[in-house]
Structures are given as structure tokens and as C-alpha cells.
Amino acid sequence: MKMRAGWLAVLVATAGVLHAQAGESWVIGPFTRPASGNPVIAPRPQSTFNDPIIHAAAHWEALHTFNPAAIVRDHKVYVLYRSEDDSGAMQIGMHTSRLGLAESADGVHFTRRGEPVFFPAEDDQKTREWPGGVEDPRIVEREDGAYVLTYTQWNRETYSVGIASSTDLEHWTKYGPAFFVAAGGKYAALKYKSAGIVTALDAKKGRLIAAKIDGKFWMYWGEGAIHLATSDDLIQWTPVEDKDGKPIELLKPRAGHFDSTFPETGPPPVLTDKGIVVLYNGKNAETGGDPKLGPSAYAAGEALFDAKDPAHRIAQMDEPVLKPELPYEKTGQYAAGTTFAEGLVFFHGKWFLYYGCADSLVAVVNAPAAAPAADVSRGYFLHNDDTVVMYGDSITEQNYYNQWVELYTVTRFPKMRVHFYGAGVGGDRVTGGGGGAIDVRLARDVFAEKPTVVSIMLGMNDGSYRPPAPEIESAYSTGYEHILDSIREHAPGARVTLLGPSPYDDVTAPPGFSGGYNASMVALAEIDKQLAQKYDATFVNLNPPVVAALEKAQALDPMVAKLLIPDRVHPDPLAHWVMAEALLKGWNAPALVSSVRIDAKDGHAVNAENAVVSDWQADGSTLRWTEMENGLPLPLIKDNATTALLLRVTDIQEQLNQEPLRVAGLAAGQYTLSIDGRSIGTFAAEDFERGINLAEYNTPMRQQAQRVSWMVRDRDESHYIHLRMRVRNADTGVEDGADRMQAFEDSMEDSIYAEAAPVPHHYEVKPAPASTPESAQ
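J.: Any chance you could explain the pattern of salt bridges here in plain terms?
T.: Counting across every chain of the model gives 48 salt bridges. Residues aspartate 136 and arginine 82 are paired through a salt bridge, measuring 2.9 Å at the closest nitrogen-oxygen approach. Of this pair, aspartate 136 sits in strand β7 (residues 133-141) while arginine 82 is found in strand β4 (residues 76-84), placing the two residues 54 residues apart along the sequence. By relative accessible area, which is 6% here, arginine 82 ends up buried. Of the charged contacts in the structure, one is a salt bridge between glutamate 481 and lysine 534, with a shortest N-O distance of 2.8 Å. In this pair, glutamate 481 sits in helix α7 (residues 470-490) while lysine 534 sits in helix α8 (residues 518-534), placing the two residues 53 residues apart along the sequence. Take lysine 534: its relative accessible area is 52%, and that puts it in the exposed class. Each member of the salt-bridge network shares a partner with another, and the members are Lys76, Glu103, Arg113 and Glu170.

Given below as C-alpha cells:
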């Protein structure tokens, strides 16, 4: 591969900068306020409740309704909100708080119970909850469908996080303070508040469920600093301590930021494929805080913690994701203003975040979200966090078929992080070659990457450009067995794929001897197949599909066919696509990007596979909706001559690139499809009925995939430089050069996955003017 001069210096010099600028693909957001409906819950002075302690009617939600918890149940959003009555002194914390319950079919318009469902009573928690009340709830669902509530117990002298459970959200069992018996009673007198139990999005249920990590439940808690606790049963909790026996501090105040006075735990955190996303509330300092916020205002931010080590912070946002902007957020009972986040749900394909406004009202914001996937890989051979080393000779060194496999994996499975490393060196045989003897090659270029998957394609040089011969085949088999034995020893558990070698072109040019050299490749591929069976490996033969493509191209245009393998050995990029398709099919790669079927008559998405459809609107004959796919199409552009030939000589579009959109029930006629305000094409109603493969058109999704492809190319070229430096035992001229090279590769991988992350798109189907020309692809 030819490389541009000067790249190496640029790579090393900019690695740290690019790493720092990697996209925040882990963040839940961006959040937007609905066009109408806010605030969703406000005080109702007329509501009364016969209080069991004072034995009289209380105007239980007369003054303020705020700081809500939220949960999804029976296809509705249920909000438990803090309500304050009109008793006590007119100052914060001096009224009695109870929890009301409201439900909504759309997440915005709520119907409320007439009486509170959770309140201080004549029970064993009365001394902790009266007269201040029960405040600031967070709620999670257990695996068995029951609910666990964390809330603040406040008696106007001390406070603690209380725990309660329910099966119906209306009848509750209280268990007392979360840490009451922890460490032999060490924390029984501790003052603490605000606790969120870690959840995960359950694919089958489509809801957030309390999640175990390493066999335990985890809870982030605290105001002033955010701490951590664990539990076996979600009821009794034990703080995680530092080396001095104190609760470990994970998030602290940051000068100049929105959390400059202190951070405080927000809604239940969410375990994602990136880590644990902790939404939290920050109080701005009166001086020395975020100048874009008012003094003492509360805003919501996010931090990311390691899923394997919930105490390890990976990243933290510098700017809030939600801050006071509207009049009722900027002032109220709390004059400085708050957007105090406490309730987060996945509902109708989006995130709904419920928050308190200035300690007075409840409001909601939305953010796009990808649908949960029971099996993110959808049966694909590669899995999340796999490390794939693709080993071979100069054909692998060309960096095309392996690059196309990487591009497919990144775009089709952007929620899986898979690490790819090309390890091709020209001239290699099963015994090694220009990159060193085989044991040197394997140790340096394969085992050093700690692979979980290894693909191997050798043979072109091993055949010695001679007819098949027993001594050649014996040496090949013996050398290959040594490679496989070494992988078993040094990378135990790695999943191995043996690739039958790509062909020597005996199709477009006459063979140099009887039978042709490709007969030797066919013979070596048979050895590969036998070894795969012996070593319980996967076998994919790249030879036949490339030969078939050559024959089809030869029939179409012999001059063009010669360009597919111009030197008869090294395939051009088009032929590498043929090889990549064969490998991907051998790895059970799904053809489907997404499949969406809209019913124009009933006004909803009948089916959405690997996609989320929301915000459906029907305005006469015009249909609009928002759609977010969990993958991207391959960027195969028909007006590119090479791609056009690829589509003629292969079935890659049918086998790997299906993105059907079907709209049923349209009246006869022509309709224009637009995505994000850009016309994609004009189609007949029957075309929509049969289905339109969006992968064939220049959609925003294909444009996004094209950008990803350029980034994958650049990242693979940087690894090629890194590999060549290893082969030549070169260095960067600085002591930590190797680390900087790896850091640069890692930063580029971060950027690739950030660019590939799913984003929502706005679709419109409307009748086309009579003069509209046929669709353009």
C-alpha cells in the first residue's frame, strides 16, 4: 500500500488532541422540550386527603408539585411526584411532602389520582418522616415486575434515604433507611439523600429494569459528592468505602462548572454498551461557577462510569444537558431556578426525562433513543468487544477486503465495539516471510493484540506458482498446523476462520501451464477446509465467488474484466468487495439494515425491525414520522462505475444491503419521499406497497455511512503504518512513540463509532405534483 509522506509525524503529534476531542457518543440526549404540554403537573389546591396522623383533611398538593420519579407500566408512563401541602412555615422544607401518582398514555398529558399514594403514617417510619414528609423519589422495576422506591425521609431534624416496595404503585411496604444496618450500624445516624439504582434497558420488555453487575445491584447516591453502594436484594444497602473506611467519592464540585457548589444524584443511572450513564443534578456556585447559569441555579449533567468497575469514572460532561431556560424553570419556590432531574424512562422509542422546575412544577423533555436489542449482534459471528486480527500475505496487506468487513461491522452494528487489526505482510507463507519467521510474526502482529477472533488467508506464495504437488501441499499443511497450534497456545479461546485463498486469474488470461495456477489455490483451499474441521475452526472459501465474478465480468466486457485482478494475483478493490461478501456471509452477516412498514390508513407503524418509529402524523394525504435505525447501509453508490459493475457481477445488495420501507394503504398515485427535508425520489403507491430498498438511494443514512467509510480507511492506514514500523523495528524517535501510535488508533476508533451512532431522521411521504419526474437514485 502506498502511503502519503509526512503522515507519521502528523499521527504522533496529534494523537492526544484527537483523543480529547472524541465524540461523546455515550451521552443520553440531546434533550428537547415538547411543543406543548409543559408543565405536565402543577399544584391543585382543591385536592384534599384525610391524613392518618392529624386525622383531618389536608390540602396535600396545594402549594407545589415537583421532583418526580417515573416508570413505564402497562404501556403508560407513571409519575410519582412530590407534593407539598399548605401547612407549616412558608419556606423550603417546612411543609409536609407526600407522593402523588399520575399516568399518561403519551408521556405528556397526565391523569392524576385524587389522593397521595405514599405518605407519612402511623407506622414504624413515622419518627423519620413526620412532620417533614417523604420527598424526592426515584423508582426502578425489579425483574419480577415489582417496584423499588428510594426517597428522602425528612422529619425537619435529620434525613436519610428510605426504601420501599410495591407491586402496583399504590400500596407500599416501607423498609426504613437504606444503610441502617450496613457495617454493623456504622451509618445508622448518617444524613444522606438522593439515590438512584442502576438500571438497564431490557430488550424483551422494552423498559428499564434494575440491573446486576458482577452479581450485585449498584446505587449512586448523595448530595455534596456522589457516592456508591451495593445490595444483594435492593432493600439493604452497603456503601462502597475508600481505603480510609469512608464512602468513596466519585463526583465532586468543579470550579467554573454548573456543579461548582456540588453534584447530587439524579434519576436511576442506565447501564449501556458504553458504560453506566449517570444523570445528575449540579448546583452552581454563587461566585466562581458557570457564568452562563444564575448563581445557585440547578442544572442536569451526565457522567460515564465503567460497567465492569462502577467506581471508575470514564468521562464527564463539562456542560449541562438540561438547564433553567423558561420562566417557570428560572424561578419559583426556589428563587434561583432548577431543572432537577429525577425520572427517566424509555417510552415510545424515546427517552423521557421528568424534572422539577424551581421546586414548584413538573416538566418533561425528550431525547432520541435506539431500540433495545435482545441480541445486538443478530446472530453475526462477531460480538461486542471482539478484537479481530486479519492475518495474511500481500493480498491482506492491500487492506481492502478486511477494510470492507470492518466497514460493514461498524455501520451495521454501531452499538457493538469491535476492534480490527490488519496483519498482512507481502511475500508471507505459512513459514513467514519478509515480516520475519512465522513465530516472530505471530507474537508481534497477532498475539500482541490479544485477539478473540483471527482470520487467516495464505497460499498464493505457498503454491510457488507451480502446478499442485504433494511436497508443496505437505509443507503447507505442516506449516499451517503450526500456526493453529500456536494460536491455541497463545490465544486460547480465539475463534479462528481459515480463508480459502483468493484466485490467481486464469479466467481473463490464458493459464501459464496445464490446469493453471489457480488449480494450486483450489488444492490449498481444500487443505484449509480439512484443517478447519480438525481444529474446530470456521472455513470460508474466497476462491469460487471471485472466479464467478471474473467470469461474469468477462462475459460483459473482457477489457474491464482484466482490471479485477490486474496482475493476476492482487485483486482490485471491487474484487475485494466480492471477497468481503463471501467472508461476511460465512460469518452469518444479516442482510437487513432495517425494515419498516407503515399503515397509512390506521396511522401507525405496523412493523419496525431494527428501527424505532415515533412522532407519527397524518395531515390529509401527507404522512410524517420520525425514524431511527440501529444500523446504516453499505455506501454502494450506483453512479460510480466500479460499484455499478460490482452490483452486476454479485448479489451483494440482496445479500447484505436491504433497507426496505413499505407504506400500505396509500391511494393510487405518485408520492414523493423526503428524508430530513431532502427529496429521495418519487414512487407510485404500488412501489411503496411492495417496498423501496432505501439502501439503493442517496439518503442521509447512506451519506453517514460514506463518512464512516472514509474514517475506517484512514484508521486502517494508520494501523498499516504502525504495523510496518513493527516489521522494520522502527521507532518514532521519542520514547513513548509506540504508545502514541496506539493512542492515535484508539482515538480514531472512538471517532468512527461516534460518527456511526444512530441518529433520528424525519420522513415525509406526500402526493407528488403531476409534473414531477421519475425518482433519481
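Don't stop here, the text continues.
J.: It is not clear to me how the sheet that holds strand β35 (residues 611-619) should be interpreted in this structure. Could you clarify?
T.: Picture the strands of a sheet paired through backbone hydrogen bonds; they go either parallel or antiparallel. One open sheet holds the five strands; their spatial order is β35-β36-β41-β38-β39, and the pairing between them is antiparallel. Among the strands making up the open sheet, the edge pair consists of β35 and β39 (678-684). The average undirected angle you get between the axes of adjacent strands in this sheet is 20 degrees. Here β35 runs beside strand β36 (residues 622-629); their pairing, made up of seven bridges, is antiparallel. Looking across to β36, one finds that valine 612 is bridged to methionine 628. Contacts from helix α15 (residues 700-727) reach β36, β38 (670-675), β39 and β41 (761-767) within the one sheet, and its direction differs from that of β41 by about 145 degrees.

J.: Help me out: how do you make sense of helix α11 (residues 573-586) in this one?
T.: Along an α-helix, residues three or four apart share an orientation, since each turn contains 3.6 residues. The end-to-end C-alpha distance of α11 is 20 Å, a good match for the 20 Å that 14 residues give at a rise of 1.5 Å each. Most of α11 is tucked away: 11 of the 14 residues are buried. Looking only at α11, the buried set comprises Leu574, Ala575, His576, Trp577, Val578, Met579, Ala580, Glu581, Ala582, Leu583 and Leu584.

J.: What is the right way to read the packing of helix α9 (residues 543-556) against helix α12 (residues 641-649) from this model?
T.: Any two packed helices are characterised by the angle at which their axes cross and by the distance between the axes. Contact geometry of α9 with α12 gives a least axis separation of 9 Å together with a crossing angle of 110 degrees. Between α9 and α12, the interaxial angle falls into the category roughly perpendicular. Our pair here, α9 against α12, has a crossing hand that is right-handed. Contacts from Ala549, Lys552, Ala553 and Leu556 in α9 reach Leu645, Arg648 and Val649 in α12. Looking at the contact of α9 with α12 residue by residue, the classes come out as five nonpolar, no polar and two charged.

What counts, and at which threshold
Residues numbered from 1 in each chain as written. Predicted model: local features only at pLDDT ≥ 70, side-chain atom pairs only at ≥ 80, totals over all residues. Heavy atoms only, no water. Salt bridge = Lys/Arg side-chain N within 4 Å of Asp/Glu carboxyl O. Helix = DSSP H or I, 4+ residues; strand = E, 2+ residues; numbered from the N terminus. Buried < 20%, exposed > 50% of the residue type's maximum accessible area, 1.4 Å probe, protein only. Pairing = 2+ DSSP bridges. Axes fitted to C-alpha atoms, helices over the stretch in contact; angles between N-to-C directions. Contact = heavy atoms within 4.5 Å. Expected span 1.5 Å × (residues − 1). Parallel < 35°, antiparallel > 145°, perpendicular 65-115°, else oblique. Left-handed = near helix turned anticlockwise from the far one by under 90°. Nonpolar A, V, L, I, M, F, W, Y, C, P; charged D, E, K, R; others polar.

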